[in-house]
Amino acid sequence: MKRSDIVRSIQVQFKHMRAADAAAMVDAVTDQMIDAVAHGDRIEIRGFGTFQPRNRAPKIGYNPSTGQPMPLAAGKTILFKPSRELTKKMNG
């Protein structure tokens, strides 16, 4: 599913809404989510799942072409944990 699919589904559900308004709504929600995770906050969407920022420790990786070890710097990533409801729906 792409952003345009989400905008279209909002328009279908709310027939009076223009495409530009639906797109602005999707953008506002995603911007808030991005800002929250960037500040280290946890996002919980009931029935869908949670997004949590995580710190990755530095480690030694290997160059695939030469096999030489190379240091990989510490970094940040996002962990998504689906809700039980979503997991049940996915597994039938």
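For the structure itself, consult the block above.
Residues numbered from 1 in each chain as written. Predicted model: local features only at pLDDT ≥ 70, side-chain atom pairs only at ≥ 80, totals over all residues. Heavy atoms only, no water.

**Observations concerning the nonpolar core**
Looking at soluble globular proteins, one finds that nonpolar side chains tend to be buried together.
Stage number 1. Counting six residues, the largest nonpolar core is built from Val7, Ile10, Met17, Ala22, Ala23 and Val26.
Stage number 2. Elements supplying a minimum of two residues to this core: α1 (3–13) and α2 (19–38).
Stage number 3. Among the elements that take part in this core, α2 stands out by supplying three residues, more than any other.
Stage number 4. Those residues in contact with Ala22 that sit more than four places away from it in its chain are Val7, Ile10, Gln11 and Met17. (Core = buried A, V, L, I, M, F, W, Y, C linked by side-chain atoms within 4.5 Å. Buried < 20%, exposed > 50% of the residue type's maximum accessible area, 1.4 Å probe, protein only. Helix = DSSP H or I, 4+ residues; strand = E, 2+ residues; numbered from the N terminus. Contact = heavy atoms within 4.5 Å.)

**A look at the pattern of salt bridges**
Stage number 1. Scanning the entire structure with this criterion turns up five salt bridges.
Stage number 2. Across the pair Asp5 and Arg8 runs a salt bridge, and its minimum N-O distance is 3.3 Å. Within this pair, Asp5 and its partner Arg8 are both found in helix α1, separated by three residues, close to a single helical turn.
Stage number 3. Of the residues examined, Asp5 reaches a relative accessible area of 24% and is grouped as partly exposed.
Stage number 4. Exposure remark for Arg8: the relative accessible area of 48% places this residue in the partly exposed category.
Stage number 5. With a shortest N-O distance of 3.2 Å, Arg18 and Asp21 are connected by a salt bridge. (Salt bridge = Lys/Arg side-chain N within 4 Å of Asp/Glu carboxyl O.)

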